[in-house]
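Structural overview
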Amino acid sequence: RAQAQILPKTPLTNALTQQSTPPVAASAVESFLSSAQSHDAKAAGIDSYQTDMEKRRDSAKASLVKIQNENKQLDSNDSAQRSIAQERLDYLQKQFDGYSQSVDTLKDLRRLNDKLAITQKELETWVPPAGTPPWKLSVADDLRFAIMQLQFQVHHLDQRMTILDQEIDDRKKARAKYEVELRQANDKNELSSTPGTVSHQQVVDSAKRRLAEINQQLSNNLLDKDVVSMDRTISSLKLTILNKNWAYYDNRFVYSDEDLEKTKLEIDNKLTALRKQEQQASLRVNRTLEQAATARTKLDQLQPTP
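Conventions used here
- Sequence positions are assigned chain by chain, starting from 1 and proceeding in written order.
- Two thresholds apply to this predicted model, a pLDDT of at least 70 for residue-level local features and 80 or more for giving and counting side-chain atom pairs, whereas whole-chain, interface and lining totals are computed over all residues.
- Note that water and hydrogens are dropped before the side-chain values are worked out from all heavy atoms of the structure.
- Each reported salt bridge corresponds to a side-chain nitrogen of Lys or Arg within 4 Å of a carboxyl oxygen of Asp or Glu.
- To count toward a patch, a residue needs a relative accessible area over 30% and no salt bridge; like charges are then connected within 9 Å, while nonpolar side chains (Val, Leu, Ile, Met, Phe, Trp, Tyr) are connected within 5 Å.
- Methods summary: accessible areas were calculated by the Shrake-Rupley approach with a probe of 1.4 Å, and residue burial reflects only the protein chains presented.
- Per the convention used, a helix needs a DSSP run of H or I reaching at least four residues, while a strand needs a run of E reaching at least two, with both numbered from the N terminus.
- Note on aromatic pairs: the rings of Phe, Tyr and Trp (six-membered ring only in Trp) are paired at centre separations within 6.5 Å, and the planes decide the class, stacked below 30 degrees, edge-to-face beyond 60, tilted for the rest.
- Note on criteria: charge over ring means Lys NZ or Arg CZ within 6 Å of the ring centre, with the direction from the centre no more than 35 degrees off the ring normal.
- Note on contacts: a residue pair qualifies if any of its non-hydrogen atoms lie within 4.5 Å across the two residues.
- Note on exposure labels: buried denotes an accessible area under 20% of the residue type's maximum, exposed denotes more than 50%, and partly exposed covers the range between, all computed with a 1.4 Å probe on protein chains only.

Per the counting criterion, the structure on display carries 14 salt bridges. Taken together, the shared-partner salt bridges in this structure form one network comprising Asp-47, Arg-110 and Asp-114.

Take a look at the structure:
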């Protein structure tokens, strides 16, 4: 039963293997998205993908530093040349930031993959709670609170998934638009009487950069979705374990005289603390009233004067 709740497959592979930028190895992605894969296989796939993203991040950083150094040598009066250089610089910075985000997300996914394996093992090896009936009512309170927390967590992750689905849909639409722009730019370049001129090449390069940026954003959105999906699976498994505990208790709880005395003591302590707070608040109010009266007296004294 636990095996059926393993991380569901997401569309990351299909969405990205169709694109050349950023290239993603289909085998590596499949290895940690497929529910049929073991924990170790998923971990290996994540590690491989993370290594690739780290290499791309470092390469983007090196290119960024190189362009920054080259920009220092540019003619400050050549605005067109500086504009082109700044566009390349902005693109490389976005590329570096995007790869850095991918690396961080993959680290989260790796951690969650380990957590998922542990949670699945806990469900598979579930044993009844310790003790014998009837249990203290506080046990029921603690368990119900933990269940409510996990229910809220699952609901929150469902909402996050809905938002990510919308973002992914928007990115795909933007990608389709940029693909058309790049195709039109290439066609225009090929039909130009002077193909390869700076102006036409700039249009093509700009279109390529926009497409690369949206692909990278889409890649990160899909990775985020994998993290949320795995996190939700873990929360659902934990909720299943707690519900099994609740079913085992079968409402066999008791509120003893000892529990009553403990509750009364807690209430008395809270009342004492509240009375102390009330006294402190009263002192602050009295001081404020005294300051207001003093200020009013001074104001009355000042009003008749020029």
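Quick look at a nonpolar patch on the surface now. On the surface, Leu-137, Tyr-255 and Leu-260 cluster together to form a nonpolar patch covering roughly 250 Å² of accessible area. For Leu-137, the location among the structural elements is in helix α5 (residues 137–191).

This brings us to the packing of aromatic side chains. Here the structure, examined in full by the defined rule, presents five aromatic pairs. Here the aromatic rings of Tyr-249 and Phe-253 are separated by 5.3 Å at their centres, their planes lie at 50°, and the arrangement is tilted. Geometry around Phe-96 places Lys-61 over its ring, the cationic atom sitting 5.2 Å from the centre. The ring of Tyr-248 is capped by Arg-252, whose NZ or CZ atom sits 5.7 Å from the centre of that ring.

Here the focus is the environment of Ala-140. Note on placement: Ala-140 falls in helix α5. Along the sequence, Ala-140 and Trp-246 sit 106 residues apart, while their C-alpha atoms lie 8.0 Å from each other. Beyond its immediate chain neighbours, meaning those up to four positions away, Ala-140 contacts Trp-246 and Phe-253.

Below, the discussion takes up the side chain of Ser-102. One can find Ser-102 in helix α4 (residues 79–124). Residue Ser-102 is classed as buried on the basis of its relative accessible area, which comes to 2%. Contacts of Ser-102, omitting those with residues within four sequence positions, involve Met-53, Asn-220 and Leu-223.

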